[in-house]
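Take a look at the letters that make up each chain.
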Amino acid sequence: MRNQQVKILLVVAALAALAIIVPNTNSFLILLATRVLAFAILVMSVDLLLGYTGLPSLGQAAYLAVGAYLTAILATKYQFGLGYDFWLVVVGGILLGAALAAVFGLLAIRATGVYFLMITLALGQCVWGLAYRWNSLTNGDNGINLRQRPQFGIDLANEVTFFYLVLGFFVVSLLLLYTLVRSPFGLSLAGIRERELRMRILGYNTWLHKYIAFIIAGAFGGLSGVLWAHTAGIVSPVNVELAFSVDALLMAVLGGSGTLVGGVIGAFIVFGLREYLSTLVPWWQYVLGGVYVLTILYLPTGLMGIPERIRQRRARTGNREEEKEIAPVTP
Amino acid sequence: MAITLLRPFGPLLLGGVVGFGLTAPSNAAEELRIGYVAPTTGIFAQVGKDMVDGFQMYLDDVKGDFGGAKVKFIVEDEQAKPDTAVTRAKKLILQDKVHMLVGGLLASSGYALAPVSTADKTVYVVPVSAADDLTQRDLSKFPYMVRTGWSSSQPSHPFGQWACEQGYKKIVAIGADYAFGYEVVGGFQRAFEACGGQIIQKIWPPLGAKDFGPYIPTIKAEADAIFSLMVGPMSLQFPKQLAASGNKKPVIGGGTSYDEFVLPSMGDEVIGHVSALQYSAALENPKNEAFVKKYRTKYGKVPSYYSETNYTTAQMIHEVIKANNGNFPGLEAFVKQLAAIKVDSIRGPVSIDEMRNPVQNIYIKKVEKKKMFGYDKDELWNTVIKTYANVNQFGQFNKDEFLKTPVYNRDYPPCKFCN
Amino acid sequence: MNTQFWLIQAFNGISYGALLFLVGSGLSLIFGVMRIVNLSHGSYFLLGGYVALSVIWTTGSWALALPVAALSIAAVGLLMERIFLRPLGFDPLRQVLLTVGFAFLFQQAALDIWTGNNFDINPPDVLTKSVVVGGLYLPLYRVFMIATALAIGVVLWVAMEKTRMGAAVRATVDDAQMARGVGIDTSRVSMLIFSLGAFLAALGGVIGGAFLGIYPGLDFEMLPLAFAVVIIGGMGSLGGAAIGALLVGLADNFGKALFPEISYFTLYAPMALILAVKPTGLFGRE
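All of these numbers come straight from a predicted model, not from anything done at the bench.

Draft legend 1. Geometry of the overall build of chain C. Broken down by element type, chain C carries eleven helices and two strands. With respect to the three principal axes, the spread of C-alpha positions in chain C is 60 × 45 × 35 Å. Summarising the internal contacts of chain C: among those between residues at least 6 apart in sequence, 78% fall at separations of at least 24. Of the accessible surface of chain C, which amounts to about 10,400 Å², a share of 71% is contributed by carbon and sulfur atoms. The centroid of the 14 positive side-chain charges in chain C is displaced by 10 Å from the centroid of its 14 negative side-chain charges.

Draft legend 2. Representation of the pairing of strand β14 (residues 358-370) of chain B in the model. Residues and elements named next belong to chain B. Here strand β11 (residues 274-277) pairs with β14 via four bridges, running antiparallel. Opposite Ala 276, over in β14, you have Ile 364 as the bridge partner. With ten bridges connecting them, β14 and strand β15 (residues 379-391) associate as antiparallel partners. Its bridge partner being in β15, Lys 370 is matched across the sheet by Glu 379.

Draft legend 3. The arrangement of the sheet that holds strand β5 (residues 123-126) of chain B in detail. Residues and elements named next belong to chain B. Taken in spatial order, the six strands of this open sheet run β2-β3-β1-β4-β5-β6, and their pairing is mixed. Two strands lie at the open edges of the sheet, namely β2 (65-66) and β6 (145-147), each paired on one side alone. For β2 and strand β3 (residues 69-77), the ladder comprises two bridges, and the chain directions are antiparallel. Paired with Asp 65 across the strands is Lys 70, a residue of β3. Docked against the sheet, helix α4 (residues 82-95) engages β1 (31-38), β3 and β4 (100-103), running at close to 150° with respect to β3.

Draft legend 4. Inspection of the state of the cysteines at higher detail. All names here are of chain B. Enumeration over the complete set of coordinates arrives at two disulfides over all chains. Across the disulfide from Cys 164 sits Cys 195; the S-S distance is 1.9 Å. Across the S-S bond of Cys 164 and Cys 195 the torsion is about 90°, and the bridge reads as right-handed. Here Cys 195 lies in the loop between α7 (179-194) and β8 (198-203) and Cys 164 lies in helix α6 (residues 156-165), a separation of 31 residues in the sequence. Disulfide pairing is shown between Cys 415 and Cys 418; the S-S distance is 1.6 Å. Judged by the torsion about the S-S bond (45°), the Cys 415/Cys 418 disulfide is right-handed. Note on Cys 415: relative accessible area 24%, which makes it partly exposed. Look at chain B and number its bonded cysteines as they come in the sequence; the links are 1-2, 3-4.

Draft legend 5. Main features of the pattern of salt bridges. Per the counting criterion, the structure on display carries 32 salt bridges over all chains. The shortest N-O distance in the salt bridge between Lys 386 of chain B and Glu 165 of chain B comes to 3.0 Å. On the criterion of sequence distance, the pair formed by Lys 386 of chain B in strand β15 and Glu 165 of chain B in helix α6 is long-range, its members being 221 residues apart. Between Lys 371 of chain B and Asp 378 of chain B there is a salt bridge, with the nearest N and O atoms lying 3.6 Å from each other. Overall, Asp 378 of chain B belongs to the partly exposed group, its relative accessible area being 43%. Each of Arg 149 and Glu 159 of chain A together with Lys 90 and Asp 120 of chain B takes part in salt bridges that share partners, so that together they form one network.

Draft legend 6. Here's a closer look at the side chain of Ser 129 of chain B. All names here are of chain B. Here Ser 129 shows up in the loop between β5 and β6. Owing to a relative accessible area of 0%, Ser 129 belongs among the buried residues under this scheme. Of note is the side chain of Ser 129, whose polar atom sits 3.0 Å from the backbone oxygen of Leu 106. The residues contacting Ser 129, other than those within four sequence positions of it, are Gly 104, Leu 105, Leu 106, Ala 107, Gly 110, Leu 134, Arg 147 and Trp 150.

Draft legend 7. How the structure looks around the interface of chain B and chain C. In this complex, chain B contributes 29 residues to the contact, which on the side of chain C involves 35 residues. Note on chain B versus chain C: buried area summed over both sides is about 2,500 Å², and carbon and sulfur give 51% of it. Its largest share of buried area at the contact with chain C, chain B owes to Ile 43, Lys 210 and Asp 211 of chain B, together 19% of the area lost on that side. Linking chain B to chain C there are three salt bridges. Across the pair Lys 240 of chain B and Asp 120 of chain C runs a salt bridge, and its minimum N-O distance is 3.0 Å.

Draft legend 8. Highlighting the interface of chain A and chain C. Counting from both sides, the interface comprises 35 residues of chain A and, opposite them, 41 residues of chain C. Looking only at chain A, the three residues that lose the most surface to chain C are Tyr 115, Met 118 and Tyr 286 of chain A, adding up to 20% of its buried area. Taken together, the links from chain A to chain C amount to zero salt bridges. There are six residue pairs in polar contact (both at pLDDT 80 or more) connecting chain A and chain C. With 15 residues, helix α5 (residues 113-133) of chain A is the single largest residue contributor to the side of chain A that touches chain C. Across the side of chain A that touches chain C, the residue classes tally to 28 nonpolar, five polar and two charged.

Draft legend 9. Spatial organisation of helix α11 (residues 242-255) of chain A. All names here are of chain A. Along its 14 residues, α11 runs 20 Å from first to last C-alpha, staying within 8% of the 20 Å computed at 1.5 Å per residue. Of all 14 residues in α11, 13 are buried, a share of seventy percent or more. Among the residues trailing α11, Gly 256 stands out with phi positive, at a value near 125°.

Draft legend 10. Molecular detail of the domain arrangement of chain B. Residues and elements named next belong to chain B. What the domain assignment lists for chain B is domain 1 (31-152 + 285-352) and domain 2 (156-270 + 389-404). A separation of 28 Å is found between the C-alpha centroids of domain 1 and domain 2. Counting residues at the interface gives 18 residues for domain 1 and twelve residues for domain 2. Interface area for domain 1 against domain 2, summed over the two sides, is near 1,200 Å², with a carbon-plus-sulfur share of 59%. The interface formed by domain 1 and domain 2 contains five residue pairs in polar contact (both at pLDDT 80 or more). Those elements that place two or more of their residues in the side of domain 1 that touches domain 2 are α3 (45-61) and α10 (305-323). Looking at the side of domain 1 that touches domain 2 element by element, the count peaks at three residues for α3. Class assignment for the residues of the side of domain 1 that touches domain 2 results in eight nonpolar, six polar and four charged.

Draft legend 11. Structural detail: the nonpolar core. Ranked by size, the top nonpolar core spans 220 residues in total, and within it Phe 39 and Phe 170 of chain A together with Tyr 141, Ile 207 and Phe 227 of chain C carry the most contacts. Counting residues per element, this core draws most heavily on helix α2 (residues 27-52) of chain A, at 16 residues. Aside from chain neighbours lying at most four places away, what touches Phe 170 of chain A is Leu 15, Leu 37, Ala 40, Ile 41, Met 44 and Val 264 of chain A. Formed by 107 residues, the second largest nonpolar core is a distinct cluster that contains Tyr 178, Val 185, Met 230 and Phe 291 of chain B.

Draft legend 12. Inspection of the packing of aromatic side chains at higher detail. Enumeration over the complete set of coordinates arrives at 51 aromatic pairs over all chains. Their ring planes at 40° and their centres at 5.1 Å tell us that Trp 128 of chain A and Tyr 132 of chain A sit as a pair that is tilted. One end of the pair, Trp 128 of chain A, and the other, Tyr 132 of chain A, are both in helix α5, four residues apart, so they sit about a helical turn from each other. The class of Trp 128 of chain A is buried, set by a relative accessible area of 16%. Classification of Tyr 132 of chain A by relative accessible area gives buried; the value is 12%. Through pairs of rings, three or more aromatic residues link up here, namely Tyr 58, Phe 66, Phe 291, Tyr 295, Tyr 299 and Tyr 311 of chain B.

Rules of the game
- Residues numbered from 1 in each chain as written.
- Chains lettered and ligands numbered in written order.
- Predicted model: local features only at pLDDT ≥ 70, side-chain atom pairs only at ≥ 80, totals over all residues.
- Heavy atoms only, no water.
- Helix = DSSP H or I, 4+ residues; strand = E, 2+ residues; numbered from the N terminus.
- Contact = heavy atoms within 4.5 Å.
- Areas by Shrake-Rupley, 256 points an atom, 1.4 Å probe, with all protein chains shown as cover.
- Lys, Arg positive; Asp, Glu negative; His and termini not counted.
- Charge placed at Lys NZ, Arg CZ, Asp CG, Glu CD.
- Pairing = 2+ DSSP bridges.
- Axes fitted to C-alpha atoms, helices over the stretch in contact; angles between N-to-C directions.
- Disulfide = S-S within 2.5 Å.
- Buried < 20%, exposed > 50% of the residue type's maximum accessible area, 1.4 Å probe, protein only.
- Salt bridge = Lys/Arg side-chain N within 4 Å of Asp/Glu carboxyl O.
- Polar contact = N/O pair within 3.5 Å; in protein donor to acceptor, adjacent residues only side chain to side chain.
- Buried area = accessible area lost by both parts, 1.4 Å probe.
- Nonpolar A, V, L, I, M, F, W, Y, C, P; charged D, E, K, R; others polar.
- Expected span 1.5 Å × (residues − 1).
- Domains from an automatic or database assignment.
- Core = buried A, V, L, I, M, F, W, Y, C linked by side-chain atoms within 4.5 Å.
- Phe/Tyr/Trp six-rings, centres within 6.5 Å; stacked < 30°, edge-to-face > 60°.

Put into structure tokens, the structure is as follows:
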């Protein structure tokens, strides 16, 4: 598994580089990096469903939203979560995300492929509708403003400190998900993605596997929501819009679904393009749209899939010499 | 492909590229850096453009010179998303080291940016976001914020009085179902009922609804008039559908129902409709006439209140800097001086009240089709039929009692006369 | 709430459903034949409206705008299918994502070409009047919408049931592999259906433009509604699309009139529930 070890080394190196370089740039970049990392947790959960279980979901923003709104409401209405109880809110966000996924999963898991896409879209829109209408709870379109970041020995108002916290959560999430996808459970998910019928014949309860994966994705979504709320300091129905879920899905595809890290790279690229390019040129949307289209057309396995494709191409040119010697195979 | 290079080193490379791309802002003592936040892309891009164009036009008029200070105008795109607005604002404050933050379109952006100004100790000037509580019940949270535009319910207070003067007794209100709608309608209701009128029904189509089929037939027949609060595309469709339903009642409405952003696309069905706002492009004073003509020549459209309020905001900032001989007087001093400013603007005399919201004329305007300012075509204009002077955000009501009541929302003021 | 109220609301609901049928039928057919969810369908709707505006501004003719807009957007759809979707082969997920990428591109292009101002399409004067029937004011434009949807529906039905091409389409919807097996050129069918879908959406945009306005964001507003039609009516079924459109139009209308509090909910909750019970929609074929 040398390949695997190399990959792990690269990821560790990148994370270390991130941890060292970012705090030495300016506050704006630190904030940007924080946002990307918080969102990347959501993208990884999308990848868990898409890349590992074969379920494309267009409604994952709903889980970020419940985590974010929980955090915001507790902070503003009940002054809760601004001290050591921040950790309780984290747990709460995770549980709430999981609970919502448990409910939605009952409705959604029966479907597959594009049907799954549609139903998760509809469910995501339901949550959006609630966030918009339930004014007494969510403040409607004005959104909820979290006035301050928590303080528990360390002051999270400090951008660098907060960055490290989010980075920490990100690394932990990455580790947990990595362990999950390499576990027997994770491997059976991959099996379901490839050949669900066969898995069922082999006696696996595929519905249950998918359901659990869905709940886990929801849990991570909730976590990312808690962090997201504190990063931007404001939660509004914009965070549950269809475009938000689409973003996450596209980032996972751009980076390479089924790789976990791919989604993170996708997130960095998209956020980078959006935040940076938009300050330079007004036509950045074309660039973004173009990047998506080109990736989907020519890089179906995403950016992370590039080394594999290069390897395949090399292997193919190598084999071509040998193929000429072999008799044609009858169809 | 360049993308190939990014791979797992993505974050690293991006950070590096970005790091090199940044330059520290110049520390010229005479440079005034103004950071502007508006939606320049996305579905509100045109509004954002109007906002920026209005501000820019003032800068062009004074050749970018504010009493000796050279203005550096930096515009950032908030995409009408509050979290993006926050990120942009941070960039402007932390990276570009702006002296002040200006802008924000929606109420949510205003509420997102105001805390940033407090936390990062930067001036925040609000030309558009009209959420009432920014300068009412939430004011103390934002010590460095000054609003130079309007508050949602500000025009509604005198308008309610005007409605009584017309002899209307019962009015049905139909408004977009969100905070801005609640505030405009709420202010009107308070004022109208205070002088003996009755709001007998409140209908709230969701924001963005264009098919008013479900709502129009429910309008109570015994109403004397209909008060509508529409924004954007809703403003275009509601009057058409209302007319097609056979409505004969007079129609009045909030300022955005007929403002110059949507008026050019409207048809004859809105002739005679009356609304209230602090600006109308048809204001007959020399400053406005010059402004309208110049704006129209340069940008190809009649200026909307988005353009005007930004022009006037730039003017106010200019006055403060001029009074300080081209120097930025520091955070607290600037806020204090801006909050004490009085200007003779395009829309008339504007000053700022003790809660940092403008005191200004409110114009009752009626849509008419005619030629104005020497243009040779008959067009729709908001002719001013009455002016209420010196209107502040509390209108004819006592400030302390006003603040004791809740902010206008869907259920406040309660609909006492709704059967 | 007297009978007048119910009648008018029913009429309004039906006319809204007529518009939804135009938008949803194309989406349903595209899904039925190609198994892809065209997330740029809303963009076709909006672009149709914008093109119509340009036609009206230059020629002053609304009547001309209808076919020009519909055909030009059909051409766009055709190009998109041939150049971008076809190479992906049968990979519904990637095709869906591709349509999303295009939706963003279209949105930006529309902003750049036509600016972000809110526009209105003005139909000929005669259609802006109302006809009074039994004390009820029926706006002629709504009548026009219903008539158009009926006409299109009939034409489509005849084409589907009575022509060879229609038979080929139906065969492909039922079982694409079998269809190929009996010699039907399914890639031609796909191309035809995709352009037809774009055509219908664009037509909907022109007709809807006078009713809803034309402005940035309309594309993503129409999309969930089109989905609701397809989901409730069933994917791939024309008759289902008609019924779905009618149901959505009526439900949305009555929902908003009677329960305004939960109006955002009344559309998506039933959608989710129907999908949960019958993933292919009420009349879907699978």
